[in-house]
Each structure stands twice: as C-alpha cells, then as structure tokens.
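Structural characterization, general
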Amino acid sequence: MTTYWTGKVVIKTEDDNGKIKKTTEQFLIDAVSATEAEVKIYKEYEGWNGEFEIQGVNKSRIIKILS
C-alpha cells in the first residue's frame, strides 16, 4: 500500500533591498517512512544556495492520487 506524507519547508531568500523573506512550501511525498520523506525533501533542495528548514513531515490521510 502506498503511503503519502506531507512536508512543510520554510525557505529564506534575500530580496533586492537585502531583507530576508520567508516562504513556506508544502510537498506531498510518496515514501514508506517519515525519514524517507525527509531525505526526499533534502534531495529536492540539493545544490540550492539559500537557507531552508523542514518544519515537519506528517503522514497524510490521502490514500490515492487520481490522474
């Protein structure tokens, strides 16, 4: 059975005036555990020069994605 996780990430970027701007991004992740979901988030930001922080990874109640 497929398990989905939701991940919340806060990224920090600097605007043209030098102010730090925080943006929250959310992901739906196909993973078997919370640890695997976090690893996938880290891979998503691999090579990115800015700062980011994983706020949390929670098991989703979504059972299937229909396309």
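The preceding data block contains the structure.
Quantities reported herein were computed from a predicted structural model and do not represent experimental measurements.

To continue, consider the overall build of the protein. Across its full length, the protein carries 1 helix and 3 strands. Listed N to C, the secondary structure of the protein is β-β-α-β in terms of helices and strands. The C-alpha radius of gyration of the protein comes to 14 Å, more than 25% above the 11 Å expected for a compact globule of 67 residues. Counting only residues that meet the buried cut, the protein has 22% of its 67 residues in that class. Within the protein, residue pairs in contact and separated by at least 24 positions form 55% of the contacts whose partners lie at least 6 positions apart. Approximately 5500 Å² of the protein is accessible, and the part contributed by carbon and sulfur atoms is 46%. For the protein, the centre of its 10 positive side-chain charges and the centre of its 11 negative side-chain charges are spaced 9 Å apart.

This part is about the sheet that holds strand β1 (residues 4-14). What the 3 strands build is an open sheet, ordered β2-β1-β3; its pairing is antiparallel. Bordering the open sheet on either side are β2 (20-30) and β3 (51-59), each of which pairs with just one other strand. Across the sheet, the axes of successive neighbouring strands diverge by a mean angle of 20 degrees, strand direction being ignored. Pairing between β1 and β2: 11 bridges, direction antiparallel. In the sheet register, Thr 6 faces β2, and the bridge partner there is Leu 28. Of the strands in this sheet, β1, β2 and β3 are in contact with helix α1 (residues 34-44), which crosses β3 at around 150 degrees.

In this section: the packing of aromatic side chains. Per the stated rule, a full pass over the model turns up 4 aromatic pairs. Judged by centre distance (6.2 Å) and plane angle (90 degrees), the ring pair of Phe 27 and Tyr 45 falls under edge-to-face. Of the two residues, Phe 27 is situated in strand β2 and Tyr 45 in the loop between α1 and β3; the sequence distance between them amounts to 18 residues. Taking 5.8 Å as the distance between ring centres and 65 degrees as the angle between the ring planes, the aromatic pair formed by Tyr 45 and Trp 48 counts as edge-to-face. For Tyr 45, a relative accessible area of 8% translates into the label buried. Residue class for Trp 48 comes out partly exposed when judged on its relative accessible area of 33%. Ring pairing ties together the aromatic residues Phe 27, Tyr 42, Tyr 45, Trp 48 and Phe 52, which thus form one cluster.

Thresholds, definitions, all that
Residues numbered from 1 in each chain as written. Predicted model: local features only at pLDDT ≥ 70, side-chain atom pairs only at ≥ 80, totals over all residues. Heavy atoms only, no water. Helix = DSSP H or I, 4+ residues; strand = E, 2+ residues; numbered from the N terminus. Rg over C-alpha atoms; globule rule 2.2 N^0.38 Å. Buried < 20%, exposed > 50% of the residue type's maximum accessible area, 1.4 Å probe, protein only. Contact = heavy atoms within 4.5 Å. Areas by Shrake-Rupley, 256 points an atom, 1.4 Å probe, with all protein chains shown as cover. Lys, Arg positive; Asp, Glu negative; His and termini not counted. Charge placed at Lys NZ, Arg CZ, Asp CG, Glu CD. Pairing = 2+ DSSP bridges. Axes fitted to C-alpha atoms, helices over the stretch in contact; angles between N-to-C directions. Phe/Tyr/Trp six-rings, centres within 6.5 Å; stacked < 30°, edge-to-face > 60°.

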